[in-house]
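Descriptive structure summary
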Amino acid sequence: RTGLNRKTVQAALRKAGILEPPQTEMPAMERASKLGAFQAAIKEKAEQGLTITRILREIRKQGYSGGRTILADHVRTIRGKSGPRLKVRRRFETAPGEEMQVDWSPYRVSLGDKMKVVHAFSAVLHHSRKAHVRFYLDERQSTLLEAHCRAFEDFQGVTRRIVYDRMATVVLGQIKSHGDPIWHPRFLDFSKHYGFEAFLCRVADPDRKGAVEKFFLYLQRDFVVASSFGSIEEMNERARIWLADVANSRVHRTTGAVPEDAWIA
């Protein structure tokens, strides 16, 4: 907001007594002692690809009393250098109530002592980044429409526009002469009933619905990986709690706001 360097602002706030002085770094021996009993568990979870936030939640249940910073530093030593940097994409934002992005993503999980494929339906409100997710056993059109209704109920309404890729339950093809989509008749009736405009991404253009694509990566690492569930009902109940307590209550890395707070506002 000021156009000044972050450290300059911090120094001014500390001088005015608004911001506390920076904490001195914890001695290496104390850092090691806090992590000591949990190193094996941390190593296993880090190698599974779990997020640092999830690792922190899980080892705190086991008695870990240290902070996130020393854990993050330790996890980075386990994972080593990160891969090549991703190509920078142009960010765009929408007004409240304007756009929702939806998609499916399959996951193979332990469900009732058997490995099964479940299908996550996710809807993300683009302005606030508030997310809805529910797991199903198929991606049929009837399931898709039910999933929409549950998302609308969760969000207490529907946006003006919903963004899709070219799933067969939504679009049958396109008119070759000018490229307009041929919408599935039942889906088109559904969209008219609920009063939203369906928007179709171009072929091989996942960035147009990047909010939901990024959410699936987060969902995999922070909820699905290394988890087991007694039933799909249990999985959905735990997902509901995770959304409320974790996903929609965290500070979003892109917007810098808490999705739940931005949605309420």
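You'll find the structure just up there.
All of the points below concern the structure found in this document. Since this is a predicted model, take the numbers as computed values, not measurements.

Turning our attention to the overall build of the chain. Across its full length, the chain carries 10 helices and 8 strands. Viewed in the frame of its principal axes, the chain has a C-alpha envelope of about 65 × 55 × 35 Å. Carbon and sulfur atoms make up 52% of the accessible area of the chain, which amounts to about 16500 Å² in all. Counting 45 positive and 31 negative side-chain charges, the chain places the centres of these two groups 6 Å from one another.

Both faces of the sheet carry side chains from a regular strand, because those side chains alternate between them. Where burial is concerned, most of strand β3 (residues 131–136) is hidden: 5 out of the 6 residues are buried. Looking at chain direction, strand β2 (residues 114–125) and β3 are connected through 6 bridges and run antiparallel. Following the sheet pairing, Val-124 is matched in β3 by Ala-131. As consecutive antiparallel partners, β2 and β3 are separated by 5 residues, and within that stretch Arg-129 has a phi angle of approximately 70°, a positive value.

Moving on to the nonpolar core. Core analysis: the largest hydrophobic core is formed by 25 residues, its most contacted members being Tyr-107, Phe-135, Phe-215, Leu-219, Phe-223 and Trp-242. Elements that contribute at least two residues to this core include exactly β1 (99–111), β2, β3, α8 (210–224) and α9 (232–247). The leading source of residues in this core is α8, at 8 residues. In this structure, Phe-215 is in contact with Ser-122, Val-124, Ala-131, Val-133, Trp-242, Leu-243 and Ala-247, ignoring residues within four places of it in sequence. Grouped together as the second largest cluster of nonpolar side chains are 24 residues, Ala-151, Phe-152, Ile-162 and Val-170 included.

Turning to the environment of Ser-128, a few remarks are in order. Within the secondary structure layout, Ser-128 lies in the loop between β2 and β3. Of note is the side chain of Ser-128, whose polar atom sits 3.2 Å from the backbone nitrogen of Lys-130.

Judged by side-chain charge, Arg-68, Arg-79, Arg-221 and Arg-253 come together as a positively charged surface patch. The topology assignment puts Arg-253 in the loop between α9 and α10 (259–264). Here Arg-253 falls in the exposed class, since its relative accessible area comes to 83%.

Next up on the list: helix α6 (residues 141–155). For an α-helix, 3.6 residues make a turn, and residues three or four places apart therefore share a direction. For α6, with 15 residues, the first-to-last C-alpha span of 21 Å sits near the 21 Å given by 1.5 Å per residue. Looking at α6, one finds that the buried residues are Gln-141, Thr-143, Leu-144, Leu-145, Ala-147, His-148, Ala-151, Phe-152 and Phe-155. Here the buried face of α6 lies against β1, β2, β3, β4 (161–164), α7 (185–194) and α10. Gln-156, located one to two residues past α6, shows a positive phi value of around 60°.

Let us look at the side chain of Thr-51. Here Thr-51 is to be found in the loop between α3 (39–47) and α4 (52–60). Here Thr-51 falls in the buried class, since its relative accessible area comes to 12%. A polar atom in the side chain of Thr-51 sits 2.3 Å from the side chain of Asp-222. Among residues more than four places away in sequence, those in contact with Thr-51 are Arg-79, Arg-221 and Asp-222.

Okay, the pairing of β2 next. In terms of strand pairing, β1 meets β2 through 12 bridges, oriented antiparallel. Bridging across to β2, Ser-110 finds its partner in Met-115. Connecting β1 to the antiparallel partner β2 that follows it, the hairpin turn spans 2 residues, and Gly-112 within it adopts a positive phi of roughly 60°.

Analysis parameters
All residue numbers refer to positions counted from 1 along the written sequence of the respective chain. Local features in this predicted model are restricted to residues whose pLDDT is 70 or higher, and side-chain atom pairs enter the listing and the counts only when it is 80 or higher, whereas totals over whole chains, interfaces and linings include all residues. The basis for every side-chain value is the complete set of non-hydrogen atoms in the structure, without hydrogens or water. Only DSSP runs of H or I covering at least 4 residues are called helices, and only runs of E covering at least 2 are called strands; the numbering of each starts at the N terminus. Residue-level accessible areas treat just the shown protein chains as cover; the underlying method is Shrake-Rupley with a 1.4 Å probe. We treat Lys and Arg as the positive residues and Asp and Glu as the negative residues; His and chain ends play no part in the count. Charge placement uses NZ in Lys and CZ in Arg. For Asp and Glu, CG and CD serve respectively. Accessible area is worked out with a 1.4 Å probe on protein chains only. A residue is then buried under 20% of its type maximum, exposed over 50%, and partly exposed in between. In this analysis, strands are considered paired if DSSP registers two or more bridges between them. To qualify as a nonpolar core, a set must consist of buried Ala, Val, Leu, Ile, Met, Phe, Trp, Tyr and Cys residues joined through side-chain atoms within 4.5 Å. Here, two residues are considered to be in contact whenever any of their heavy atoms come within 4.5 Å of each other. Nitrogen and oxygen atoms within 3.5 Å of one another constitute a polar contact, given that in protein one can donate a hydrogen and the other can accept it, and given that sequence-neighbouring residues count only through two side-chain atoms. Each patch is assembled from residues with relative accessible area greater than 30% and no salt bridge, linking like charges that lie within 9 Å and nonpolar side chains (Val, Leu, Ile, Met, Phe, Trp, Tyr) that lie within 5 Å. Each reported salt bridge corresponds to a side-chain nitrogen of Lys or Arg within 4 Å of a carboxyl oxygen of Asp or Glu. One less than the number of residues in a helix, times 1.5 Å, gives the span that helix is expected to have.

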